[in-house]
Amino acid sequence: MLLIHVQKITPRVSYTFKQICKRILGLDVDLTSKIESFIAHDGPKFSYGKKPLGKELYFQSVDLLFEYGLNDLNFSVFDWEETKCFFPVKHENSALPFDIFAATFYLLTRYEEYLPHVKDDLGRFPATESIAYTNDFLQDPVIDIWAHKFKKNLLEKYPDLEFEEKKFKIMPVISVAETFAYKNKGILRSIGGALRDLWSLKLDEVTDRVKVSIGLKKDPYAVFDFIIDLQKKKKRKAKVLIGLGDYSNYEKNIGYNHLKHHTLIKHIADYIDIGLKVSYQAICDLPTLNKEKQRIEGVFNRRLKYVICSFFKIKLPEAYRNFIELEVEEDYSMGYSKHFGFRAGTCTPFMFYDLDYEVQTPLVIYSFCFSNDDRFSDIDDEATARKEALLYIEKIKSVKGIFIPVFNSKLFSDLNGQPFWKSILEFIWNQEDE
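Below, the structure is looked at part by part. Quick caveat, the model's predicted, so the values are computed rather than measured.

1. Side note on the side chain of Q231
Considering the arrangement of structural elements, one finds Q231 in helix α9 (residues 224-233). Setting aside chain neighbours within four positions, we find Q231 in contact with R236, A238, Y271, I272 and W429.

See below:
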């Protein structure tokens, strides 16, 4: 047990220290604001505040974890060893040259996404607005890197301190916008699609439509047996998150109550954890979200635990509050659609902290760093894709985190035009855990 003295135990302090010490490093800690208790403690300990109490291990603080609400924060990002950091401190006895805890809180809570910013065409917070992108550390899990440097400080002072061993893991996530390309679309949608293909002179697709319709060819989006086979060969805590929203400009899946739809979802659920791809309309609309939740629960007869937002649109804090209201346990939306990297600065799951209410919530956020979908791709060859995947795998492995790649199921379709993505998923799936 490690004892930490702070000037005041706030919700922000408790949240941040638990994330760094317990969830990332596997170290049990206790907090105290009583100097007497701290002095009397004869085990491992350190202080966190404006100035040290004596000659103990000491980390200087800035004000962030002792504030309430949102404020305009002025700080600079600077190089430190092989990484970047911010919230610099100046006390000569501070074990680190920056406030690791305040910087962690700032990134995990997505503090910057609550502040005024320019949104993209889908109303999302773009990577280019983030402190990580503008200061060139989006590609690094900086919180986990900082945490392991903090661990080094502790071990130098207390070499017998024991940490729970953490292991590197891979958790693939498949987002399903449409379960069928041609089948089960209904007469009007099928005719309309065929006419569009003819108008665009996509004669091969017209032929494929006909062959699929009369049963001579498998539907191009029927990729789920491939994913299930991967799961059978190497068990992973993979997730398949399926959209059941009403048809709209953003949602093109077949009707949620279609029997073939139900059969497919149940088939996947026999092998892999199933969740919901929340429709664009439902992200911040509780009644619509509840309707989609009831739909998927009605299909596979289990309580909904896992969600991902369409297009990775997260409107904070409304979207996450709605998930909490409906007792969703895990979200996989924390990432960017057009940039690889760590949106929250970490590869370790963390609890959502509501900055408006100043409270840690039960919703667990799984942040992904590697994704591709049918709307965007800046990778057009297998060698580049493998190189990028391995880059992130090695970075995350070095800090014992979780590598979460997110793919749209359409990537593995013959219609994608980039057939190597099947090989990339198989390559990632077969990487060794620790």
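2. Concerning the sheet that holds strand β1 (residues 2-6)
Within a sheet, each strand pairs with its neighbour through backbone hydrogen bonds, oriented either parallel or antiparallel. If you walk across this open sheet you meet the four strands as β2-β1-β3-β4, and the pairing is parallel. Each of the sheet's edge strands pairs with one partner strand only, and the pair in question is β2 (29-32) and β4 (58-60). For this sheet the average axis-to-axis angle between neighbouring strands, irrespective of direction, equals 20°. Pairing geometry for β1 and β2, over four bridges, is parallel. Following the sheet pairing, H5 is matched in β2 by T32.

3. Some thoughts on helix α6 (residues 142-157)
Residues three or four positions apart in an α-helix share a direction because the helix packs 3.6 residues into each turn. Here α6 contains 16 residues, and its C-alpha end-to-end distance of 23 Å stays within 8% of the 22 Å for a straight helix at 1.5 Å per residue. Along α6, the residues classified as buried are V142, I143, D144, I145, W146, A147, K149, F150, N153 and L154.

4. Remarks on the packing of helix α3 (residues 100-108) against α6
Their axes nearest at 10 Å, the elements α3 and α6 cross at an angle of 160°. As judged from the angle between their axes, α3 and α6 are roughly antiparallel. As for the relative orientation of α3 and α6, their crossing is left-handed in sense. Of α6, the residues touching α3 (which contributes I100, F101, A103, T104, L107 and L108) are V142, I143, W146, A147 and F150. Of the residues belonging to the contact of α3 with α6, the class tally is ten nonpolar, one polar and no charged.

5. Looking at the pattern of salt bridges
Pairs may arise between side chains of opposite charge once their charged atoms sit close together. Under the criterion given, the structure shown has 24 salt bridges. The residue K149 makes a salt bridge to E82 at a minimum N-O spacing of 3.1 Å. Here K149 is found in helix α6, whereas its partner E82 is found in the loop between β5 (77-80) and β6 (83-86), with 67 residues between them in sequence. Across the pair E329 and R303 runs a salt bridge whose closest N-O atoms are separated by 2.6 Å. Of this pair, E329 sits in the loop between α12 (318-325) and β12 (330-334) while R303 sits in the loop between α11 (286-300) and β11 (306-309), placing them 26 residues apart in sequence. For E329, a relative accessible area of 29% puts it in the partly exposed group. What makes R303 partly exposed here is its relative accessible area of 40%. Three or more residues are tied together by salt bridges with common partners; here these are R110, E112, E113 and R343.

6. Side note on the packing of helix α13 (residues 382-397) against helix α14 (residues 421-429)
Relative orientation of the contacting elements α13 and α14 amounts to 25°, with a least axis distance of 10 Å. In terms of axis orientation, α13 runs roughly parallel to α14. For α13 against α14, the interelement crossing comes out right-handed. Residues E382, A385, R386, A389 and L390 of α13 form the contact with α14, whose own contacting residues are W421, S423, I424, F427 and I428. Of the residues belonging to the contact of α13 with α14, the class tally is seven nonpolar, one polar and two charged.

7. A short note on the environment of K291
Tracing the backbone through its elements, the reader meets K291 in helix α11. Judged by its relative accessible area of 34%, K291 falls in the partly exposed class. Sequence separation between K291 and L244 is 47 residues; the distance between their C-alpha atoms is 9.4 Å. Engagement of the side chain of K291 in a polar contact is seen with the side chain of D246, the distance being 2.9 Å.

Reading the values: the criteria
- Residues numbered from 1 in each chain as written.
- Predicted model: local features only at pLDDT ≥ 70, side-chain atom pairs only at ≥ 80, totals over all residues.
- Heavy atoms only, no water.
- Helix = DSSP H or I, 4+ residues; strand = E, 2+ residues; numbered from the N terminus.
- Contact = heavy atoms within 4.5 Å.
- Pairing = 2+ DSSP bridges.
- Axes fitted to C-alpha atoms, helices over the stretch in contact; angles between N-to-C directions.
- Expected span 1.5 Å × (residues − 1).
- Buried < 20%, exposed > 50% of the residue type's maximum accessible area, 1.4 Å probe, protein only.
- Parallel < 35°, antiparallel > 145°, perpendicular 65-115°, else oblique.
- Left-handed = near helix turned anticlockwise from the far one by under 90°.
- Nonpolar A, V, L, I, M, F, W, Y, C, P; charged D, E, K, R; others polar.
- Salt bridge = Lys/Arg side-chain N within 4 Å of Asp/Glu carboxyl O.
- Polar contact = N/O pair within 3.5 Å; in protein donor to acceptor, adjacent residues only side chain to side chain.

Honestly, that's just the spatial picture; any functional story needs more than this.
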